[in-house]
Amino acid sequence: MKVSKKTKRLLAYVAIIGGCAVLSLSFYTAAQYNKAKHQASEMVRLTALSHLPKDEAGNPVPQEQSESEVYWWYTVYQDFVKISKQNSAFYVGTAVPAYVFSMATLVSFGLVLKHADKAKEKEEEEV
C-alpha cells in the first residue's frame, strides 16, 4: 500500500502540532500542581512566621527551648523556608517549558499553514 505525499505531509503536520500541544499541556498541568504546592507551603511559612517573635528588622528570633510552642513554630518556619524555595524552583522549572511549548505550538501551526499553502500551489502548478 503506497501512501501519497499529501497523506505523509498531513501526518507530519499532525505529529508536529500535536507533539508540541501535548508537551505544552503536560508541562502546564505540572506547573499548576507545583504552583499550588508553592502557595500552600508559603501559607504555612507565613503562618509560622506570624507566631514567632521578631527583631527590629522583622526577622524571626531563633528559639532554643525545645519544650515551648514558639520553638515548634520556629522549626516549622525553618523547614518551610526550604520547602517553599524548592516548590518555587519546581514551579518555575515547569512553567517555563509550558510557555515555550505553547508558543512552539502556535508557531508550528502558522508554519504548517504556510507550508501547506506552498505545497498546494506547487501541486496546482504541476497539474
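See the structure above.
About the criteria used
Residues numbered from 1 in each chain as written. Predicted model: local features only at pLDDT ≥ 70, side-chain atom pairs only at ≥ 80, totals over all residues. Heavy atoms only, no water. Helix = DSSP H or I, 4+ residues; strand = E, 2+ residues; numbered from the N terminus. Expected span 1.5 Å × (residues − 1). Buried < 20%, exposed > 50% of the residue type's maximum accessible area, 1.4 Å probe, protein only. Contact = heavy atoms within 4.5 Å. Phe/Tyr/Trp six-rings, centres within 6.5 Å; stacked < 30°, edge-to-face > 60°.

A. Layout of helix α1 (residues 5–50). For α1, with 46 residues, the first-to-last C-alpha span of 67 Å sits near the 68 Å given by 1.5 Å per residue. Where α1 is concerned, the buried positions are Arg9, Tyr13, Ile17, Cys20, Ser24, Ala31, Asn34, His38, Ser41, Arg45, Ala48 and Leu49. Residues of α1 that are buried make contact with α2 (69–126).

B. Up close: the packing of aromatic side chains. One pass over the full model with this rule turns up two aromatic pairs. Ring centres of Trp72 and Trp73 lie 4.8 Å apart, and the angle between their planes is 75 degrees; on these two criteria the pair is classed as edge-to-face. Residue classification places Trp73 among the buried residues on the basis of a relative accessible area of 15%.

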